[in-house]
Amino acid sequence: MTQPYQKYICRTCGLIYDEEEGDLDSGLAPGTRFADIPDDWYCPLCLVSKDDFVLIDDTKKITSSDQPKRKASNKADVLIIGSGYAGWQAAEAIRHLDPGAVISLLTADDGTVYPKPALSMALSQNRTPDDLPESSANNKATELDIGVKTRTKVMSINTQRKKVTTTTGSFSYSKLVLATGAKAVLPKIAGDASHEIITINDLAAYKKFYKLLQDKPKVTLIGGGLIATELAEDLHSFGIEVDMIVRGAHLMSQIMPEAISRKLTDKLLSRGINLIFNSEVIEMNTNSDGAYILKTDQGETFESGLVLAAIGLSPNIALANKAKLTTNLGICINGFCQTSDSDVYAIGDCAETDGVVQSYLEPIRRQVKVLASHIMGDTSNQFHVIPTLIKTKTPSLAIMLSPPLKATHGRWELSLQVGDNHRLYYNNGEDVTGFALSGDLVSSANALYKATYKL
Ligand SMILES: Cc1cc2nc3c(=O)[nH]c(=O)nc-3n(C[C@H](O)[C@H](O)[C@H](O)COP(=O)(O)OP(=O)(O)OC[C@H]3O[C@@H](n4cnc5c(N)ncnc54)[C@H](O)[C@@H]3O)c2cc1C
């Protein structure tokens, strides 16, 4: 008898591999069994290997048993602040290299381990916020044999005394890792309801949003970047009417060439997503029925049940500033992920290298490897900023991008266009510093990525 098809989930980003559907973008035909996928296959969304996928039912088992409480040591060899992807990955990498190190992790939230990229595709995956956690903080800490303290905000760092002060006491360290992430930027909007704008950059915010969504037939999205666009498609797939108000002239203008953006726009419009370009929301009020009324700088008004802003992230640098560490857009780090204090490291969405903050999973994975080996005294590896490879979660058009790190010099040039299939290079003089693919051409993204950056 033929085995029923099964679904596997990427524990890093939440992408689901459905054996029945395969993954045409990476050349896997419908019906390809997970076991038959070649070992060098990588997750098309976050680029981890096949080993990071688990059978969907197994993820439930991870959260089911609660372990005895893991206390954070007040005197850690390595103290990590933050329980996002960067914080937990750092703990894992350090533990892997040093089974005996005393590692403690402090976090302002509840420390739940979950794949953040799933927040902009969970609705179309038919997953509720309760389906997203992979592990509780305590279970993850037990697995890694580390201490953890949740709901604990670090208020200050004394780099001289190697001590942090938190809302629940003081902790000392030999090495400190800042993995404090970023916060969602709120648009500056007038009106009596502007404080009710929702942003999504963590599971707790997503839970709140999901609850509010239940009785709202219509959502207004402010923003036209990657996450706003993904959320628009995801909401639409859930049967929600979407107005998307975009300040620029096209979608994802900072990372995507206009030719692909126009194609995507056509697809979204034909699906019924209402896109309004070159417009900025300037005021948000509530009417007598409790609905929100949004006014734009173009004089238009929009009525909505829920307003979601996705206009960018701002690295959390306040703690580093207070400790007089060097910051710019993010916390400045060198090739070993050290800040201006050599015993304090920074990684993830809060960190900046060579003037660049990369808010993606793949650079974090490279950072934690370097960080962990450097803490162990190995100086042979360094973290370098290279353009990352992004698969957009836009089911209406397959897109893979490797945007240039700084899109100030050079320009996008079309190399191929047939129907939905586009290939563009970002050319800076003789150098190719980025590329963008759409349609069937996305299957060549990984090879092109390796060839372009000589990896
Ligand atoms: C909707 C969405 C979709 C995405 N999709 C993708 C994708 O498809 N592919 C991809 O590569 N990337 C994607 N990303 C980006 C990726 O998820 C992030 O780059 C990554 O998760 C950041 O991890 P982090 O640990 O640096 O930060 P965070 O996850 O923000 O974690 C920061 C942690 O620090 C803690 N913290 C902050 N300040 C303090 C303090 N003072 N004291 C104690 N704790 C503190 C917070 O509580 C939190 O636990 C997406 C992001 C979003 C929001």
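Let me sum up the structure you'll find in this document. If you're wondering where the values come from, they're calculated on a predicted model, not measured in any experiment. (Residues numbered from 1 in each chain as written. Predicted model: local features only at pLDDT ≥ 70, side-chain atom pairs only at ≥ 80, totals over all residues. Heavy atoms only, no water.)

1. What to know about the site of the ligand
Just so we agree on the cut-off: Any residue with a heavy atom positioned within 4 Å of a molecule or strand is treated as near that molecule or strand. Polar contact is defined as a pair of N or O atoms within 3.5 Å, subject to the rule that within protein one atom must be able to donate a hydrogen and the other to accept it, and that residues adjacent in sequence are counted only when both atoms are side-chain atoms. Accessibility throughout is a Shrake-Rupley quantity obtained with a 1.4 Å probe, and a residue counts as covered only by protein chains that appear here. Elements are defined by DSSP. Helices are runs of H or I of four residues or more, strands are runs of E of two residues or more, and each kind is numbered from the N terminus. By the convention adopted, Pro, Cys, Tyr, Trp, Phe, Met, Ile, Leu, Val and Ala count as nonpolar, Lys, Arg, Asp and Glu as charged, and the other residues, Gly among them, as polar. Per the annotation, domain bounds derive from an automatic or database assignment of domains.
Near the ligand lie 32 residues; those nearest to it are Asp-109, Val-154, Asp-349, Leu-361 and Lys-393. At 3.0 Å, a backbone N or O of Ser-83 approaches an oxygen atom of the ligand. Thr-107 is positioned with one of its side-chain polar atoms (N or O) 3.2 Å from an oxygen atom of the ligand. Contact with the protein chains covers 91% of the free accessible surface of the ligand, which is 1,000 Å². Contributions of two or more residues to the shell around the ligand are made by α2 (85-97) and α8 (361-375). Here the residues of the shell around the ligand are counted per class, giving 16 nonpolar, 11 polar and 5 charged. Viewed by domain, the shell around the ligand spans two of them, domain 2 (75-183 + 315-375) and domain 3 (186-311), each represented by three or more residues.

2. Description of the nonpolar core
Most often, soluble globular proteins keep nonpolar side chains buried together rather than apart. Spelled out, the test is: The term nonpolar core refers to a set of buried residues drawn from Ala, Val, Leu, Ile, Met, Phe, Trp, Tyr and Cys, joined through side-chain atoms within 4.5 Å. Exposed residues in this analysis have more than 50% of their type's maximum accessible area, buried residues have under 20%, and partly exposed residues fall in between, with area computed by a 1.4 Å probe over protein chains only. Should any heavy atoms of two residues lie within 4.5 Å, those residues are considered in contact.
Counting 71 residues, the largest nonpolar core has Val-164 and Leu-178 as its most contacted members. Both of domain 1 (7-58) and domain 2 (75-183 + 315-375) provide at least three residues apiece to this core. Setting aside its immediate chain neighbours within four residues, Val-164 contacts Leu-79, Ile-81, Leu-106, Val-154, Ser-156, Ile-157, Gly-169, Ser-170, Phe-171, Tyr-173 and Leu-176. Judged by nonpolar contacts, the second largest core, of 43 residues, contains Ile-200, Met-244, Ile-273 and Leu-308.

3. Considering the sheet that holds strand β17 (residues 306-309)
What counts, and what does not: When DSSP locates at least two bridges between a pair of strands, those strands are taken to pair. As a rule, the C-alpha atoms of each element are fitted with a line to give its axis, helices using only the stretch in contact, and angles between N-to-C directions run from 0 to 180 degrees.
Taken together, the 4 strands give an open sheet; going across it, the order is β13-β12-β11-β17, and neighbouring strands pair in parallel fashion. Each edge of the sheet is formed by a strand with only one pairing partner; in this case those strands are β13 (274-276) and β17. The sheet shows a mean angle of 20° between the axes of neighbouring strands, taken without regard to direction. Here 3 bridges tie strand β12 (residues 241-245) to β13, and the two strands are oriented parallel to one another.

4. Topic: the side chain of Arg-33
Note that Arg-33 resides in the loop between β2 (16-18) and β3 (53-55). Within the structure, Arg-33 has its side chain in polar contact with the backbone oxygen of Gln-3 (distance 2.7 Å). Once residues lying within four places of it in the same chain are set aside, the contact partners of Arg-33 are Thr-2, Gln-3, Pro-4, Tyr-5, Gln-6 and Glu-19.

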